[in-house]
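Each chain, letter by letter, is given below.
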Amino acid sequence: MTYIEKPTKGIWHDQPAENWEEGLVLGNGKMGMIVFGDPNKDTVIGNHGQLFLPTRNQQPTPDMSDLVDQLRLDIQSLGYDQAIKRYENEAVKRGYQGLTMSDPFVPSFECVFDFHHLEEPTAYQRQINYQTGEAVVMYEHQKERVVTQSFVSRRDDLMVYRVRNLDGLLDVTMIPTVFEREEVTGAFFSQSHQFKWHYNYTFKEGGYTVNGQFETHGGDVSTKGNDIRITGTKEIVFLFRIEPTLMTQPLNERITDYHWLFSRHRAIHQELFDRVQLTLKKDKKTDESFTALMVDAQNKSTLPLTLLEKIYDASRYMYISSSGQVTPNLQGIWSGTFSPAWSGDYTFDTNVQLSIAQALSGHLEEGLFGFFDLIDSLLPDFRENARRFYGCRGIFSSIHASSHGHHIHWNKDWPLMFYTAGAGWLGHWYYQYYRYTHDTQFLKNRCVPYLEEVVLFFEDFLTEDPDGIYRFSPSYSAENGCYDNATQDVAVLKEVLTNLIASYHVLKVDKKKIEKLTQMKEKLPGYKINDAGALKEWLPDEKNENYNHRHFSHLYPIFQSREFTKVTEPELFKAAQVAFDKRREAWLESDAGDTTSTHGRMHSALLATQFHLPDMIKDIFMLLIKQDCFYPSLMMSHYNNREVFNVDGNGAFPQVIHEMLADYHHHTLYLLQALPTEIESGEIQGLQLPDMMEVLNLKWDLDEKYLKLSLVSRIVQTLNFKLPLYPYAKIHNEPANDYVLALNKDQPVIIEIRL
């Protein structure tokens, strides 16, 4: 079948999807679309990034602020286990309903297209083009070629589903599903070429509407119940738009030509996709199927370069599709179930952070406004959390959120109410957005006010030990246990204070504010190193480590804030690497690891870039591939064997690639710092760096021992070079390591390095 070419920047399959997770996924940063099924009956599912299903029992935790002093006394006298039990029992007495999942991310609509085929179709093929955002399904039936094409328009805010018979006439019935559940009731209506779903919520006022229309080139239309049958036409174009309100106008698009609609969408989508491009030396043809590429990769010991490039492209595609008006949740912008794992919500102790990891370096910075807008919408609840739990001003983020930010997902087994680092960690991206863009209006109006609310909480929350040093109590290292002074708590607040002080300097804020923050920073406890030489996850000497765990919270200064390096704090850096080695041995590389978490593997990879461990990068990539963590769209799963559709791994994958090639911090540009030797040659274009720099082009060939870098800065600055894996590298016959380069504003420079 050659009438539609296989995508170079995409993936294709010769087998239909058996479930929604295996479907072709599409999105415009607001609405998501899943196309799956077989040639006889194709299924389309629509999602809206802001539609989480309201459920019962979403009341905030009762006011517990009067118990803070007693809680701290219980922690000191009884220990955390008993203190937590007493705290939860009292919360229940006051009306707490117990650990409650967030409102779930669910389908907004679903419909089946029955093609009434008399024989089993042949030559089946389905594909998704990451570069253009279009999905295509094609096959033959009784010597007639049938094609469906789909996309979600970024220009016209429409889901578009086109059906064609290239050699004959169609006979298609649209069979709409009407969801009937405790939480929502709905109805389907149609008149002429227009139709709609109308849904009312049970546990919340309001609901939503899905408006649609279809256009044919002649033919006949008939209805039977809700079903719409269309016959005698060569082409049908279906349009859908999800509106998160009950009061909407019918869909009445005057221009329904597929090519016109698609060209308007493609111009926007492809511009985003093409901003950063990775090209690796190919080990397989780019037009081989998903199955062929995956089976080949799973049966060899070397990195599958063609597949890696496609995973990179798929991961950029995930973020483009899921960000803009919204930001990726656990499932991106897609759901085909009313029971998604962890409600398919926003999980703020690692998952959301990974899902957006590539945004700035990948030149998709405008996508972060979906994230910023989400956090802004949750701030009233975060403020209420601070008051209800701790009697504090400022903000205290929940770990799980969707339609609200009330902290109701906690109990004695999951004491997430003691995790106070979340809001500060989210603040990392506010300041980083400024660092990449130097947008001082954003810094003044959004970043600084947010960081100030984080600090305000800790001004009230922190206590002081007799020596005047702050104590974080209660304290929780994400999902790995409670004890006072979790290392991540200290690291996150230190980063917040550092970034807020820097912001004040930029904005020329009153020096008294800077002095106050500096004093707070000086009162933070220092990090601790245990007898094994490892950076401790909790500072008190008596608290033992649990290395067998999927989270790497205590290594926040390495993978996220870049607080110290081998040069600036060699002892701490070495201790952090020892801690990472022990976590690797006990969890990542152990058959006895507590779970097979993709987010843990991706954080391991991000740490491996900073510790300059190319072999570890390879091992993690191969682990994901061999353990079957990729669905046919190349979206990832949370667990091995495609268990739980989950995209935070996709969010982080390009960031791993970026950091192993070119990474900038401490006024130093690190090049090829964790590049596996099997990725022997390649090129990346358009990579963004902090402080207004862009890698116009980076091209390497390890066999030829050659690296060529084209770099431009939007401001005047000076930087150093480091190539940790190439100590003898040369620039103009001078040592490349610690080479100093002065950059003038908007003047590209080309650097050639002999490795």
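Quick look at the structure, then.

Of the pockets and cavities examined, the largest pocket occupies roughly 890 Å³. Contributing to the lining of the largest pocket are 42 residues, with Gln 432, Arg 435, Gln 560, Ser 561 and Arg 562 lying nearest its centre. In terms of residues, the lining of the largest pocket owes the most to one element, helix 8 (residues 422-437), which gives 8 residues. Residue classes in the lining of the largest pocket are distributed as 17 nonpolar, 16 polar and 9 charged. The space that makes up the second largest pocket amounts to roughly 410 Å³. What lines the second largest pocket is a set of 24 residues, among which Gln 50, Leu 51, Phe 52, Ser 402 and Ser 403 lie closest to the centre. Taken together, the residues of the lining of the second largest pocket break down into 9 nonpolar, 11 polar and 4 charged.

So, on to empty space enclosed by the protein. Applying the stated criterion to the full structure yields 4 cavities of 30 Å³ or more. For the largest cavity, the calculated volume is near 70 Å³. Leu 51, Phe 52, Leu 53, Pro 54, Val 106, Pro 107, Ser 108, Phe 179, Val 184, Tyr 201, Tyr 208 and Phe 338 together form the lining of the largest cavity. Within the lining of the largest cavity, the residues separate by chemical class into 11 nonpolar, 1 polar and no charged.

All right, on to the side chain of Asp 156 then. Considering the arrangement of structural elements, one finds Asp 156 in the loop between strand 8 (144-152) and strand 9 (159-165). On the basis of relative accessibility, which here comes to 13%, the residue Asp 156 falls in the buried class. A distance of 2.7 Å separates polar atoms of two side chains, one belonging to Asp 156 and the other to Arg 264. The contact partners of Asp 156, leaving out residues within four places of it in the chain, are Arg 241, Leu 261 and Arg 264.

Next up on the list: the sheet that holds strand 11 (residues 184-191). Spatial ordering of the open sheet is given by 1-6-7-8-9-16-13-12-11, a layout of 9 strands whose pairing is antiparallel. Looking at strand neighbours, the two that pair on one side only are strand 1 (10-13) and strand 11, the edges of this open sheet. Neighbour-to-neighbour, the strand axes of the sheet open up by a mean angle of 15°, direction not taken into account. Note: strand 8 against strand 9, 7 bridges, orientation antiparallel.

As a further point, take the pairing of strand 10 (residues 170-177). Pairing of strand 5 (residues 109-114) with strand 10 involves 5 bridges; the strand directions are antiparallel. Bridging from a neighbouring strand, Cys 111 pairs with Pro 176 of strand 10. Where strand 10 lies against strand 15 (residues 227-233), 5 bridges are found, and the strand directions are antiparallel. Counterpart to Thr 173 in the pairing with strand 15 is Arg 229.

Attention shifts here to the sheet that holds strand 32 (residues 717-722). What the 4 strands build is an open sheet, ordered 26-27-32-35; its pairing is mixed. Looking along the sheet, the strands with just one partner apiece sit at the ends: strand 26 (662-665) and strand 35 (740-743). When the angles between neighbouring strand axes are averaged without regard to direction, this sheet yields 30°. Sheet topology places strand 32 next to strand 35; 4 bridges connect them, and they run antiparallel.

Bringing the pairing of strand 27 (residues 668-671) into the picture now. Burial of the side chains of strand 27 extends over both faces: Thr 668 and Tyr 670 are buried on one face and Leu 669 and Leu 671 on the other. Of the pairings in the sheet, the one linking strand 26 to strand 27 comprises 4 bridges and is antiparallel in character. Its bridge partner being in strand 27, His 665 is matched across the sheet by Thr 668. As consecutive antiparallel partners, strand 26 and strand 27 are separated by 2 residues, and within that stretch His 666 has a phi angle of approximately 50°, a positive value. Across 3 bridges, strand 27 lies against strand 32 in parallel orientation. What sits directly across from Tyr 670, in strand 32, is Lys 722.

What follows covers helix 10 (residues 487-507). At 3.6 residues per turn, the α-helix brings residues three or four places apart onto the same side. Between its first and last C-alpha atoms helix 10 spans 30 Å; for 21 residues at 1.5 Å apiece the expected length is 30 Å, and the two agree. Of all the 21 residues making up helix 10, 16 are buried; the element is thus mostly covered by neighbouring parts of the structure. Where helix 10 ends, the next residue or the one after it, Lys 508, has phi of about 55°, a positive value.

A complete count under the given rule lists 65 aromatic pairs for this structure. Plain terms: the ring middles of Trp 334 and Phe 645 are 6.5 Å apart, the flat faces sit at 85° to each other, and that makes the pair edge-to-face. With a gap of 311 residues between them, Trp 334 in the loop between helix 5 (305-322) and strand 18 (346-347) and Phe 645 in strand 25 (residues 643-645) connect regions that are remote in the sequence. Owing to a relative accessible area of 0%, Trp 334 belongs among the buried residues under this scheme. The positively charged end of Arg 72 is found above the aromatic ring belonging to Phe 461, 5.1 Å away from the centroid.

Any two packed helices are characterised by how steeply their axes cross, that is the angle between the axes, and by the distance between the axes. Between helix 7 (residues 368-390) and helix 8, the shortest axis-to-axis distance is 11 Å and the interhelical angle comes to 135°. Looking at the two axes, helix 7 sits oblique to helix 8. Where helix 7 crosses over helix 8, the handedness of that crossing is left-handed. Between helix 7 and helix 8, the residues in contact are Leu 368, Phe 369, Phe 371, Phe 372, Ile 375 and Asp 376 and Leu 426, Trp 429, Tyr 430 and Tyr 433, respectively. Grouping the constituent residues of the contact of helix 7 with helix 8 by class yields 9 nonpolar, no polar and 1 charged.

Calculation rules
Residues numbered from 1 in each chain as written. Predicted model: local features only at pLDDT ≥ 70, side-chain atom pairs only at ≥ 80, totals over all residues. Heavy atoms only, no water. 1 Å grid on protein atoms, 1.4 Å probe; cavity = no way out; pocket = protein on both sides within 12 Å on 5 of 7 lines; lining within 4 Å. Points joined across faces, edges and corners; volume = space filled by probe spheres on them. Helix = DSSP H or I, 4+ residues; strand = E, 2+ residues; numbered from the N terminus. Nonpolar A, V, L, I, M, F, W, Y, C, P; charged D, E, K, R; others polar. Buried < 20%, exposed > 50% of the residue type's maximum accessible area, 1.4 Å probe, protein only. Polar contact = N/O pair within 3.5 Å; in protein donor to acceptor, adjacent residues only side chain to side chain. Contact = heavy atoms within 4.5 Å. Pairing = 2+ DSSP bridges. Axes fitted to C-alpha atoms, helices over the stretch in contact; angles between N-to-C directions. Expected span 1.5 Å × (residues − 1). Phe/Tyr/Trp six-rings, centres within 6.5 Å; stacked < 30°, edge-to-face > 60°. Lys NZ or Arg CZ within 6 Å of the ring centre and 35° of its normal. Parallel < 35°, antiparallel > 145°, perpendicular 65-115°, else oblique. Left-handed = near helix turned anticlockwise from the far one by under 90°.

Coordinates in, geometry out; function isn't part of it.
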